[in-house]
Structure formats: C-alpha cells, structure tokens
Amino acid sequence: MLSGGEKALTALALLVGIFQFRPSPFCVLDEVDAALDEINVGRFSDLMNTMSRDTQFLVVTHSKRMMQSADMIYGVTMQEPGVSKVVSVRLGQQGKQRATA
C-alpha cells in the first residue's frame, strides 16, 4: 500500500541503482516526477545532474523545478489553430543562474 510518490521513488531508486552499476548512453523519462513532492523533485533533479556525466537524460515534465535544472528545453506551441511549432531554449550554466535568481 504505497502512495504514488513512494511508488515513483521506489522505481527511480531501482533505475538509479542500475545506471550507477552499468551506465547507459541515454535515458528517456516521461513524467516520472509528477507524483513527487517539491523537495523530492529537487533531490531527483540534483541526482540527475550528477549522473549526467555518464548518461544523457531526456525528460518529459511539467515541473518548473525540473525544467530549471535542464541544459536545453524543447516545447511545442500553437501560434495559430492547427499549426504547431517546436521552440527550443539552450540554458547552459548561465541560464541556470538567471532562472534561480
């Protein structure tokens, strides 16, 4: 009888354990932070930053805190009905300092 956040943390702990034992070149995560509270989203974001030396992460998220830790953000916008446009922003180290200040 685990909560959604506890289930997410358990799955992420297993994933992190596997990746620390045998890193993969890339990892795609879809809304894994949705069930986490704000503190655990920050912890997970920090952990992903340390693991990003060996693995490139592609994360689908709506969490502002997770987006602030990204090096690059892609989004989709609809300027006029039926016409989607992909928007990309490279944050890098300088963008991270501005976003948190």
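Here we summarise the structure given alongside this text. (Residues numbered from 1 in each chain as written. Predicted model: local features only at pLDDT ≥ 70, side-chain atom pairs only at ≥ 80, totals over all residues. Heavy atoms only, no water.)

A few points about the overall build of the chain
Now for step 1: The secondary structure content of the chain amounts to 4 helices and 4 strands.
Now for step 2: Order of helices (α) and strands (β) in the chain, N terminus to C terminus: α-β-α-β-α-β-β-α.
Now for step 3: With the C-alpha coordinates aligned to their principal axes, the bounding extent of the chain is approximately 45 × 30 × 30 Å.
Now for step 4: Counting the 101 residues in the chain, one finds 25% classified as buried.
Now for step 5: Element-wise, carbon and sulfur atoms account for 57% of the exposed surface of the chain, whose accessible area totals about 7,600 Å².
Now for step 6: If the 10 positive side-chain charges of the chain are averaged to one point and the 10 negative ones to another, these points end up 6 Å apart. (Helix = DSSP H or I, 4+ residues; strand = E, 2+ residues; numbered from the N terminus. Buried < 20%, exposed > 50% of the residue type's maximum accessible area, 1.4 Å probe, protein only. Areas by Shrake-Rupley, 256 points an atom, 1.4 Å probe, with all protein chains shown as cover. Lys, Arg positive; Asp, Glu negative; His and termini not counted. Charge placed at Lys NZ, Arg CZ, Asp CG, Glu CD.)

As for the nonpolar core
Now for step 1: Grouped together as the largest cluster of nonpolar side chains are 12 residues: Ala8, Leu12, Val16, Phe19, Cys27, Leu29, Leu36, Val41, Phe44, Met48, Met51 and Met66.
Now for step 2: Of all elements in the fold, only helix H1 (4-21), strand S1 (26-30) and helix H2 (38-51) reach the threshold of two or more residues within this core.
Now for step 3: Those residues in contact with Leu29 that sit more than four places away from it in its chain are Leu15, Phe44, Met48, Phe57, Leu58, Val59 and Val60. (Core = buried A, V, L, I, M, F, W, Y, C linked by side-chain atoms within 4.5 Å. Contact = heavy atoms within 4.5 Å.)

With respect to the packing of aromatic side chains
Now for step 1: Overall, the coordinates contain 1 aromatic pair when judged by the stated rule.
Now for step 2: Ring centres of Phe19 and Phe57 lie 6.5 Å apart, and the angle between their planes is 25°; this geometry places the pair in the stacked category. Residue Phe19 is located in helix H1, and its partner Phe57 is located in strand S2 (residues 56-60); the two are separated by 38 residues in the primary sequence.
Now for step 3: On the accessibility criterion, Phe19 (12% relative accessible area) is buried. (Phe/Tyr/Trp six-rings, centres within 6.5 Å; stacked < 30°, edge-to-face > 60°.)

Notes on a nonpolar patch on the surface
Now for step 1: On the surface, Phe26, Val28, Leu58 and Val60 cluster together into a nonpolar patch covering about 390 Å² of accessible area.
Now for step 2: Within the residue set of the nonpolar patch, elements represented by two or more residues are S1 and S2.
Now for step 3: For Val28, the location among the structural elements is in strand S1. (Patch = residues over 30% accessible without salt bridge, like charges linked within 9 Å, V, L, I, M, F, W, Y side chains within 5 Å. Salt bridge = Lys/Arg side-chain N within 4 Å of Asp/Glu carboxyl O.)

Overview of the side chain of Ser69
Now for step 1: Checked against the element boundaries, Ser69 lands in the loop between helix H3 (64-68) and strand S3 (72-80).
Now for step 2: A distance of 2.8 Å separates the side chain of Ser69 from the backbone oxygen of Met66, its partner in a polar contact. (Polar contact = N/O pair within 3.5 Å; in protein donor to acceptor, adjacent residues only side chain to side chain.)

Focus: H2
Now for step 1: An ideal rise of 1.5 Å per residue puts 20 Å on 14 residues; H2 measures up with 20 Å between its terminal C-alpha atoms.
Now for step 2: Among all positions of H2, only Asn40, Val41, Gly42, Phe44, Ser45, Met48 and Met51 are buried.
Now for step 3: Looking at the buried side of H2, the elements it contacts are H1, S1, S2 and H3. (Expected span 1.5 Å × (residues − 1).)

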